[in-house]
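Results of the structural survey
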Amino acid sequence: YGVLSRRAGLAQRIEGPAPRSRAPRVKSIHTSRPRNRVTEAIVIAHDGQRTRAAAVRLEYHRDRWLVVALEIA
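Just so we're clear, the structure is a prediction, and the values are computed from it rather than from any experiment.

1. A look at the sheet that holds strand β2 (residues 38-46)
Within a beta sheet, neighbouring strands are joined by backbone hydrogen bonds and run either parallel or antiparallel to one another. With antiparallel pairing, the four strands of this open sheet are ordered in space as β1-β2-β3-β4. On the outer flanks of this sheet lie β1 (25-35) and β4 (64-72), each paired with one strand and no other. With strand direction ignored, the average angle separating the axes of adjacent strands in the sheet is 20°. Here strand β3 (residues 51-61) pairs with β4 via eight bridges, running antiparallel. Bridged to H61 within β4 is R64.

Next comes the structure, spelled out in structure tokens:
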């Protein structure tokens, strides 16, 4: 979360406030289970102006799911 927060703050300082857009709509979700207790997902979303992708890897550890990798493009 810290890295994502810093990236958003940097983008706002460089590019200025983001233009108003409608709420993103999820276009597709693809998931896979490469191992037991591991799930990877890709989400494609569109906000009316741009299409973005997010990839996440979740691992089940001590009775909860942990995000161990997150990429947003």
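2. Describing the pattern of salt bridges
In total, this model carries two salt bridges according to the counting rule given. A salt bridge links R57 to E40; the shortest N-O distance between them is 2.4 Å. Here E40 lies in strand β2 and R57 lies in strand β3, a separation of 17 residues in the sequence. Between R57 and E59 there is a salt bridge, and its shortest N-O distance comes to 3.0 Å. With a relative accessible area of 26%, E59 lands in the partly exposed category. Residues joined in a network through salt bridges with shared partners are E40, R57 and E59.

3. Section: unusual backbone geometry
The backbone of R37 shows a phi angle near 70°, a positive value even though the residue is not glycine. Here R37 is to be found in the loop between β1 and β2. Residue class for R37 comes out partly exposed when judged on its relative accessible area of 44%. Phi at D63 takes a positive value of approximately 65°, unusual for a residue other than glycine. Tracing the backbone through its elements, the reader meets D63 in the loop between β3 and β4.

About the cut-offs
- Residues numbered from 1 in each chain as written.
- Predicted model: local features only at pLDDT ≥ 70, side-chain atom pairs only at ≥ 80, totals over all residues.
- Heavy atoms only, no water.
- Pairing = 2+ DSSP bridges.
- Helix = DSSP H or I, 4+ residues; strand = E, 2+ residues; numbered from the N terminus.
- Axes fitted to C-alpha atoms, helices over the stretch in contact; angles between N-to-C directions.
- Salt bridge = Lys/Arg side-chain N within 4 Å of Asp/Glu carboxyl O.
- Buried < 20%, exposed > 50% of the residue type's maximum accessible area, 1.4 Å probe, protein only.

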